[in-house]
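This is what each chain is made of:
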Amino acid sequence: MLIHWGLYSILGRGEWVMHAEHIPFKEYAKLAEKFKPSKFNADRWVSLAKEAGMKYLVLTTRHHDGFCLYNSKVSDFTSVKTAAQRDFIAEYVKACRKAGLKVGLYYSLGDWRFGIPKISGTPAQARAMVAQAHAQVRELMANYGKIDLLWYDGGWCYPSLPDDGKREVARFWKSEKLNALVRKLQPHILINDRSGLPEDFGTPEGHVGAEESGRACESCMTMGDSYFSGWGYIKDNFNFKTTTQLIQCLVTAASGGGNYLLNIGPKPDGGIRKQEVDRLRAIGKWMKVNGESIYGSQRLPAKQACIPWGYGTFGITTVKGNSGYLHFFRWPGETAVVTGIRNRVLSARILGSNKKINAQQTADGRLFLKGLPGKPPNRNDTVIVLKLDRRPESFNYADIPL
Ligand code: FHN
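Residues numbered from 1 in each chain as written. Predicted model: local features only at pLDDT ≥ 70, side-chain atom pairs only at ≥ 80, totals over all residues. Heavy atoms only, no water.

## Quick notes on the overall build of the protein chain
Turning to step 1, where the next piece is worked out: From N to C terminus, the protein chain includes 10 helices and 15 strands.
Turning to step 2, where the next piece is worked out: Computed over C-alpha atoms, the radius of gyration of the protein chain comes to 23 Å, within 12% of the 21 Å expected from 2.2 N^0.38 for 402 residues, which places it in the range of a compact globule.
Turning to step 3, where the next piece is worked out: When the backbone C-alpha atoms are referred to their principal axes, the protein chain occupies close to 70 × 45 × 35 Å.
Turning to step 4, where the next piece is worked out: Going through the 402 residues of the protein chain one by one, you find that 55% of them count as buried.
Turning to step 5, where the next piece is worked out: Partitioning the contacts of the protein chain with sequence separation of at least 6, the portion at a separation of at least 24 is 70%.
Turning to step 6, where the next piece is worked out: Approximately 17900 Å² of the protein chain is accessible, and the part contributed by carbon and sulfur atoms is 54%.
Turning to step 7, where the next piece is worked out: Distance between charge centres in the protein chain, computed from 56 positive and 37 negative side chains, equals 5 Å. (Helix = DSSP H or I, 4+ residues; strand = E, 2+ residues; numbered from the N terminus. Rg over C-alpha atoms; globule rule 2.2 N^0.38 Å. Buried < 20%, exposed > 50% of the residue type's maximum accessible area, 1.4 Å probe, protein only. Contact = heavy atoms within 4.5 Å. Areas by Shrake-Rupley, 256 points an atom, 1.4 Å probe, with all protein chains shown as cover. Lys, Arg positive; Asp, Glu negative; His and termini not counted. Charge placed at Lys NZ, Arg CZ, Asp CG, Glu CD.)

Written out as structure tokens, the structure is:
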């Protein structure tokens, strides 16, 4: 679960509202005197993530607007030194650990109060912004116990990144030095790829992507519409993705061996919108039955994956060990035909049922699954698990006597 929450939530027009509406900082900063979230309860946020089957959370410690949800000694623009008088990050990390979930912290390197280098602001302001980033990342890594994931953002500083874009960003933020400090303070931590360095995992945004084989990947996405800056609370935006779409994104990420980081934008009082709660609970209900097809999923080795199983018919496949999980987004009725499987199928059954399915294979690699229910047991995604004779293998097109 990714959570975007801060002063911008009060205005209810997305997390970029200060910049997008050219709100003078002095005017925007007054919001801090109204930020007294009466319904903020970290345990409730964390338990909802757990109910959805999620294994970790990532909460904004500071977004581009500069307002810190934690006790920073190098800024007065924090939730501890203004009306709320609370260290929300301290409450959040405690709740994650109590629930047995991993702790992720989102930190925006960029801070609009210092301008945007090469667009606005002076070199002195740019240097001060870098110094703030190093000091605040040190605070977050040193003062809040074991942190499992550091999710940088806002490293972009340029209107159009020069050819060596990422290296330029890493040079500007002194990211090698910064991340060496992070790993010294938190030796086991995972760092994302948004400080200008590749570090531990890639972060496709707004769509499900994959990194080159062997590199970890985490696709992040809003639950509402994907239009720009839909991560923070938007009061009157009802363009939410359906539960089916969200589950299909989760499955697609898992089919590539990646994670899916799904965002919510809590209301200014700390409450969570019904649209988000309903979808998280529905995902959790599906995960209770089908989680084994997601957790620990691997990716078919690239050389073998030239025919994704059942390509173009029922949906998508996730694999783990000697099992293949056929995710039926479209239900075929009483008989399904699945192509591309090179393995011998030892058994087949619908997850959530103990009833074995009649599975017959032909020499040209087609699998017939017979005696299925006429209607899909789960309209979002019904999963059929195949126990296989060895690690999953696909046919190549050249092998198929078409
Ligand atoms: O500008 C931010 C945006 O507000 C949001 O935080 C997303 C989340 O991945 N990251 C940046 C846009 O890429």
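## Brief notes about the nonpolar core
Turning to step 1, where the next piece is worked out: Ranked by size, the top nonpolar core spans 87 residues in total, and within it Tyr28, Leu57, Leu105, Met141, Leu150 and Leu280 carry the most contacts.
Turning to step 2, where the next piece is worked out: Setting aside residues no more than four positions away along its own chain, Met141 makes contact with Leu105, Ile147, Leu150, Val182, Leu185, Gln186 and Ile189.
Turning to step 3, where the next piece is worked out: Listed in part, the 20 residues of the second largest apolar core include Ile350, Ile357, Leu369 and Ile384. (Core = buried A, V, L, I, M, F, W, Y, C linked by side-chain atoms within 4.5 Å.)

## Describing the pairing of strand β13 (residues 358-361)
Turning to step 1, where the next piece is worked out: One ladder, built from 4 bridges, connects β13 with strand β14 (residues 367-370); its direction is antiparallel. If you follow Gln360 over to β14, its bridge partner there is Phe368.
Turning to step 2, where the next piece is worked out: With antiparallel pairing between neighbouring strands as the criterion, β13 and β14 make up a hairpin whose turn holds 5 residues, including Gly365 at a positive phi of roughly 90°. (Pairing = 2+ DSSP bridges.)

## What to know about the pattern of salt bridges
Turning to step 1, where the next piece is worked out: Counted according to the given criterion, the structure contains 20 salt bridges.
Turning to step 2, where the next piece is worked out: Between Asp200 and Arg183 there is a salt bridge; the shortest N-O distance is 2.7 Å. Of this pair, Asp200 sits in the loop between β5 (190-191) and β6 (201-202) while Arg183 sits in helix α8 (residues 175-185), and the two are 17 residues apart along the sequence.
Turning to step 3, where the next piece is worked out: For Asp200, a relative accessible area of 25% puts it in the partly exposed group.
Turning to step 4, where the next piece is worked out: In this structure, a network of salt bridges that share partners links the residues Arg62, Asp111 and Arg113. (Salt bridge = Lys/Arg side-chain N within 4 Å of Asp/Glu carboxyl O.)

## Details of helix α4 (residues 42-51)
Turning to step 1, where the next piece is worked out: Buried residues of α4: Ala42, Trp45, Val46, Leu48 and Ala49, and no others. Down the axis of α4, the smallest arc covering the buried residues is 155°, so these residues share one side.
Turning to step 2, where the next piece is worked out: Against the buried residues of α4 lie β1 (2-3), β2 (56-62), α5 (88-99) and α10 (274-290).
Turning to step 3, where the next piece is worked out: Here α4 starts with a cap whose side-chain oxygen sits 2.9 Å from the backbone nitrogen of Asp43, and that cap is Asn41.
Turning to step 4, where the next piece is worked out: A positive phi of about 85° marks Gly53, the residue just after α4. (Arc of directions from axis to C-beta. Polar contact = N/O pair within 3.5 Å; in protein donor to acceptor, adjacent residues only side chain to side chain.)

## Considering the sheet that holds strand β10 (residues 323-328)
Through backbone hydrogen bonds, the strands of a sheet pair up, either in parallel or in antiparallel fashion.
Turning to step 1, where the next piece is worked out: Reading across the sheet, the 4 strands line up as β9-β10-β15-β12 and stay open at both edges, with antiparallel pairing between neighbours. This sheet does not close on itself; its edge strands, each paired only once, are β9 (315-320) and β12 (345-350). Pairwise comparison of adjacent strand axes, ignoring direction, gives a mean angle of 20° for this sheet.
Turning to step 2, where the next piece is worked out: The sheet contact formed by β9 and β10 spans 6 bridges and is antiparallel. Across the sheet, residue Lys320 finds its bridge partner in β10, namely Ser323.
Turning to step 3, where the next piece is worked out: Relative to β9, helix α9 (residues 243-255) is tilted by about 45°, and along the sheet it contacts β9 and β10. (Axes fitted to C-alpha atoms, helices over the stretch in contact; angles between N-to-C directions.)

## Things to note about helix α6 (residues 123-143)
Turning to step 1, where the next piece is worked out: Compared with an ideal rise of 1.5 Å per residue, which puts 21 residues at 30 Å, α6 spans 30 Å between its outermost C-alpha atoms and is within 8% of the ideal.
Turning to step 2, where the next piece is worked out: Among all positions of α6, only Ala126, Met129, Val130, Gln132, Ala133, His134, Gln136, Val137, Glu139, Leu140 and Met141 are buried.
Turning to step 3, where the next piece is worked out: Phi turns positive one or two residues past the end of α6, at Gly145, with a value near 70°. (Expected span 1.5 Å × (residues − 1).)

Don't take any of this as a statement about function, it's just geometry.
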